[in-house]
Amino acid sequence: MTQQPQPPIPYEQTSDYRWTEAAFHLLESGALTASVAARDNISSAVVEGVCPRCVHHFTDRRPLTAVTNGLGGSRAGVPGSGGTALVEPAGAYAPVVLDVTCSCGVPHPTGPGAADASATGGCGVSFRIELAADHGPLGGRP
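What this report covers is the structure whose coordinates are included nearby. Since we're looking at a predicted model, the values are computed, not measured.

1. Some remarks on the nonpolar core
Residues Leu 32, Val 47, Phe 58, Phe 127 and Ile 129 are the most contacted members of the largest nonpolar core, which totals 24 residues. Looking at this core, the elements with two or more residues in it are α1 (17-29), β1 (32-39), β2 (42-50), β6 (96-101) and β9 (126-131). Counting residues per element, this core draws most heavily on α1, which supplies 4 residues.

Written as structure tokens, this is what we have:
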């Protein structure tokens, strides 16, 4: 069942666990998706769909891999490649934890007396999604 966008609710900065639970239910229903992709040895994550609080559509994209010169970073060059060939570190397929904040872009009114009439970045909710090593939501725990 597709949820319809609701009128903007007031902005509230919250990370209450109930929003993580709500996000997990949205993942199960397909109204919210989370994926990890790798291209040219660079990993990134995308969370897209409806916000568990305001039900507006948002897309969150973020890099997961930092490319460094091999001096203490998360990846290192293959010896003898001049730093052009990269290898994944041990445990590269560990679970991925994503802390996501609504970024729907819909104006959400702030409280009375607030300096700004509305918050346009999102509704203020933050939630966590955990992707298993195969980059699918972990059973029972987002």
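2. Observations regarding the pairing of β6
Burial along β6 is one-sided: Val 96, Leu 98 and Val 100 are buried, while Val 97, Asp 99 and Thr 101, pointing the other way, are not. Pairing between β6 and β9: 6 bridges, direction antiparallel. Along β9, the bridge assignment pairs Val 100 with Phe 127.

3. A look at the packing of aromatic side chains
Counted under the stated rule, the structure contains 1 aromatic pair. Where Phe 58 meets Phe 127, the ring centres are 6.3 Å apart and the plane angle is 75°; that geometry is what we call edge-to-face. Of the two residues, Phe 58 sits in strand β3 (residues 57-63) while Phe 127 sits in strand β9, which places them 69 residues apart along the sequence. Across this residue pair, the class does not change: Phe 58 and Phe 127 are buried.

4. Let's talk about the environment of Val 47
By secondary structure assignment, the location of Val 47 is in strand β2. You can call Val 47 buried: its relative accessible area is 1%. Residues Val 47 and Ser 35, 12 residues apart in the sequence, show an inter-C-alpha distance of 6.6 Å. In contact with Val 47, other than residues within four places in its own chain, are Leu 32, Thr 33, Ala 34, Phe 58, Thr 59, Asp 60, Leu 98, Val 100 and Ile 129.

Calculation rules
- Residues numbered from 1 in each chain as written.
- Predicted model: local features only at pLDDT ≥ 70, side-chain atom pairs only at ≥ 80, totals over all residues.
- Heavy atoms only, no water.
- Core = buried A, V, L, I, M, F, W, Y, C linked by side-chain atoms within 4.5 Å.
- Buried < 20%, exposed > 50% of the residue type's maximum accessible area, 1.4 Å probe, protein only.
- Helix = DSSP H or I, 4+ residues; strand = E, 2+ residues; numbered from the N terminus.
- Pairing = 2+ DSSP bridges.
- Phe/Tyr/Trp six-rings, centres within 6.5 Å; stacked < 30°, edge-to-face > 60°.
- Contact = heavy atoms within 4.5 Å.

Worth remembering: the numbers are spatial, not functional.
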